[in-house]
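Results of the structural survey
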Amino acid sequence: MEVFRNDDRALTAARLKINEEFKKNKNETSEENVQKMIKMGTDVEAVLRYMVLQVEHTGEDKLLLQPRKDLLQENVPYSDQPRKKS
């Protein structure tokens, strides 16, 4: 999972949680419930892929951001003054 690249602790936690959920629901037979669980997994993947930023402590008061290409978007410059509605 690219979101947790080089973060063995986070990768292990994610893998354990995924396995736990599969084992917990392995006997589910309701098509509706299975579809809900697939939707939940897809939604979680989207949140992780597009909302989670990897940050590494590099010093006492320093952080290193490691954005993935998925997160890089065109950005609107910051402005102290709100834009006037036309």
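A brief look at the structure comes next. (Residues numbered from 1 in each chain as written. Predicted model: local features only at pLDDT ≥ 70, side-chain atom pairs only at ≥ 80, totals over all residues. Heavy atoms only, no water.)

Considering the overall build of the protein chain
Counted only if it meets this: Numbering of helices and strands runs from the N terminus, with a helix taken as a DSSP run of H or I at least four residues long and a strand as a DSSP run of E at least two residues long. Relative accessibility under 20% of the residue-type maximum defines a buried residue, over 50% an exposed one, and the middle range a partly exposed one, all with a 1.4 Å probe and only protein chains included. Pairs of residues are marked as contacts when any of their non-hydrogen atoms sit within 4.5 Å. Note on areas: Shrake-Rupley with a 1.4 Å probe; residue coverage comes only from the protein chains shown. For the charge count, each Lys or Arg is scored as positive and each Asp or Glu as negative, with His and the chain ends excluded. Positions of charges follow a simple convention, taking NZ of Lys, CZ of Arg, CG of Asp or CD of Glu.
The helix and strand tally for the protein chain stands at two helices and two strands. Helices and strands appear in the protein chain in the N-to-C order α-α-β-β. Taken along the three principal axes of its C-alpha coordinates, the protein chain extends 55 × 45 × 20 Å. By residue count, 7% of the 86 residues in the protein chain fall in the buried class. Taking all contacts inside the protein chain whose residues are at least 6 apart in sequence as the whole, residues at least 24 apart take part in 28%. Within the structure as shown, the protein chain displays about 8400 Å² of accessible surface, and the carbon and sulfur contribution to it stands at 54%. Both charge centroids of the protein chain, one from 16 positive and one from 16 negative side chains, sit 2 Å from each other.

Points about the pairing of strand β2 (residues 62–66)
The criterion, for reference: Two strands make a pair as long as DSSP finds a minimum of two bridges between them.
Burial runs low along β2: only zero of the five residues are buried. Relative to β2, strand β1 (residues 54–59) runs antiparallel, the two being bridged by five bridges. Within β2, the position partnered with valine 55 by the bridge is leucine 65. Between β1 and β2, which pair antiparallel one after the other, the connecting turn spans two residues.

Let's talk about the layout of surface pockets
Defined as follows: Lining residues are those with an atom within 4 Å of a point, where the points come from a 1 Å grid over the protein atoms alone and group into cavities, where a 1.4 Å probe fits but cannot get out, or pockets, open sets with protein on both sides within 12 Å along at least five of seven lines. Grid points are joined across faces, edges and corners, and a volume is the space filled by probe spheres set on the points. Gly is put with the polar residues, along with every residue not named as nonpolar or charged; the nonpolar set is Ala, Val, Leu, Ile, Met, Phe, Trp, Tyr, Cys and Pro, and the charged set is Asp, Glu, Lys and Arg.
Volume-wise, the largest pocket comes out at about 660 Å³. Lining the largest pocket are 20 residues, with Ile18, Glu21, Phe22, Met37 and Gly41 sitting closest to its centre. Within the residue set of the lining of the largest pocket, elements represented by two or more residues are α1 (8–24) and α2 (31–51). When residues in the lining of the largest pocket are grouped by element, the largest group, nine residues, is from α2. In the lining of the largest pocket, the residues fall into eleven nonpolar, three polar and six charged.

Scope: geometric values only; no functional claims are made or implied.
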